[in-house]
Amino acid sequence: MKLTIISGRSGSGKSTVLRYLEDRGYHCVDNLAAGLLPTLVDRIAADPGGIVDVAMGIDARNLSADLALVPGIVAELRRRGIPVEIVFLDAGSETLLKRFSESRRKHPLSTGQVGLREAIDAESALLEPIALLASLSIDTSSMSMQQLQDAISQRIIEKTESGLALLFQSFGYKNGIPADADIVFDVRCLPNPYWEAPLRPLTGRDADVRAFLESHEIVQRMFDDIRGFLEIWLPRFEENSRAYITVAVGCTGGQHRSVFFCEKLGRHFEGRIGNVQVRHRELRS
């Protein structure tokens, strides 16, 4: 069996992910008491029906003492040969505030004495032991439900190859650095197609923008430096048992330069790494 633990702050999309995994054949358990995880794993492993894929939701609704046990439990399960992945979902605090306000749901940590914002902040500290163990972190701040499902499909369900899964994500600095980025490159120092009127409405996927950027030697030098850095250091991450890496490339608006770089990097590393994906945050794809 393979165990996937889904965790994260309330409102970040955990229920959406668990429902999606259940629809795709996973045996899912939500709001599991963390201290019961070994017992439940033993019961499932002993089932003659042979359940293969298991997803368990563990979050702030647990006792804080039980949450502190999770790192030790996960280490013991891995020592027993059970593959365990932890997916940690999160979103910006302002986004979570908005989602709770729109849904009119009560936060699990809010009380008469603890307001919503305080509860959201307290949840970060409570879940830190799990967040630090995450195999994959996903920032859902700018994701629709469909985009979140697509990300889970590409990075969890369809990840059949062993080894590293690599995501190149473009973004605009004006909207903030992605919280789930492992490595960040800033390409704002390069010539900006935005200042060329015919190129302004286009994106880094378009041939005219590519031609503009490729006409500048400094762009190729930046690409070669980033490519070389990743070729040297990605294998080191993989040797350190990292299953997922998100490489974020940012420009001012996230439309031209960063998109161009992520597309080009994605093409370069396809075939060199088994699972390579490209996502453009500001283009919603």
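Residues numbered from 1 in each chain as written. Predicted model: local features only at pLDDT ≥ 70, side-chain atom pairs only at ≥ 80, totals over all residues. Heavy atoms only, no water.

### Quick look at the state of the cysteines
So, step 1. Under the definition given, this model contains zero disulfides.
So, step 2. Cysteine 251 provides the cysteine sulfur closest to cysteine 189, a residue in no disulfide bond, and the two sulfurs are 11 Å apart. (Disulfide = S-S within 2.5 Å.)

### Considerations on helix H9 (residues 217–239)
So, step 1. For H9, spanning 23 residues, the distance from its first C-alpha to its last is 34 Å, which sits close to the expected 33 Å at 1.5 Å a residue.
So, step 2. Considered for burial, the residues of H9 that qualify are Val219, Met222, Phe223, Ile226, Gly228, Leu230 and Leu234. (Helix = DSSP H or I, 4+ residues; strand = E, 2+ residues; numbered from the N terminus. Expected span 1.5 Å × (residues − 1). Buried < 20%, exposed > 50% of the residue type's maximum accessible area, 1.4 Å probe, protein only.)

### Focus on the sheet that holds strand S3 (residues 53–57)
So, step 1. The strand order across the open sheet built from five strands is S2-S3-S1-S4-S5, with neighbouring strands paired in parallel fashion. Pairing within the sheet leaves two strands with one partner each, and these edge strands are strand S2 (27–29) and strand S5 (136–139). Taken over all neighbouring pairs, the strand axes of this sheet differ in orientation by 20 degrees on average, direction set aside.
So, step 2. Summarising the sheet, S2 and S3 pair through three bridges and their orientation is parallel. Within S3, the position partnered with cysteine 28 by the bridge is alanine 55. (Pairing = 2+ DSSP bridges. Axes fitted to C-alpha atoms, helices over the stretch in contact; angles between N-to-C directions.)

### Thoughts on the sheet that holds strand S6 (residues 165–172)
So, step 1. Ordered in space as S7-S8-S6-S9, the four strands form an open sheet in which the pairing is parallel. A single partner strand is all that each edge strand has here, and the edge strands are strand S7 (183–186) and strand S9 (275–280). Neighbour-to-neighbour, the strand axes of the sheet open up by a mean angle of 15 degrees, direction not taken into account.
So, step 2. As paired elements, S6 and S9 share six bridges and run parallel to each other. In the strand pairing of S9, alanine 165 is matched with asparagine 275.

### Observations regarding the pairing of strand S8 (residues 244–251)
So, step 1. Buried residues dominate S8, accounting for eight of its eight residues.
So, step 2. Relative to S8, S6 runs parallel, the two being bridged by eight bridges. Within S8, the residue paired with glycine 172 across the bridge is cysteine 251.
So, step 3. Note that S7 and S8 share four bridges and pair parallel. Counterpart to phenylalanine 185 in the pairing with S8 is valine 249.

### Observations regarding the nonpolar core
So, step 1. Counting residues in each nonpolar core, the largest one holds 28 residues, and the members touching the most others are Leu166, Phe168, Leu230, Phe261 and Phe269.
So, step 2. Looking at this core, the elements with two or more residues in it are S6, S7, helix H8 (207–214), H9, S8 and helix H10 (257–269).
So, step 3. Looking at this core element by element, the count peaks at six residues for H9.
So, step 4. Residues within four places of phenylalanine 261 in sequence aside, it is in contact with Val187, Leu190, Val219, Met222, Phe223, Ile226 and Val249.
So, step 5. Ranked by size, the runner-up nonpolar core spans 22 residues in total, among them Val54, Leu67, Ile82 and Leu127. (Core = buried A, V, L, I, M, F, W, Y, C linked by side-chain atoms within 4.5 Å. Contact = heavy atoms within 4.5 Å.)

### Describing the environment of glutamine 255
So, step 1. Within the element layout of this structure, glutamine 255 appears in the loop between S8 and H10.
So, step 2. What makes glutamine 255 partly exposed here is its relative accessible area of 26%.
So, step 3. In sequence terms glutamine 255 and arginine 200 are 55 residues apart; their C-alpha atoms lie 9.1 Å from each other.
So, step 4. Ignoring any residue separated from it by four or fewer positions in sequence, one finds glutamine 255 in contact with Arg200, Pro201, Leu202, Thr203, Gly204 and Leu283.
So, step 5. From its side chain, glutamine 255 meets the backbone oxygen of arginine 200 in a polar contact 2.8 Å long. (Polar contact = N/O pair within 3.5 Å; in protein donor to acceptor, adjacent residues only side chain to side chain.)

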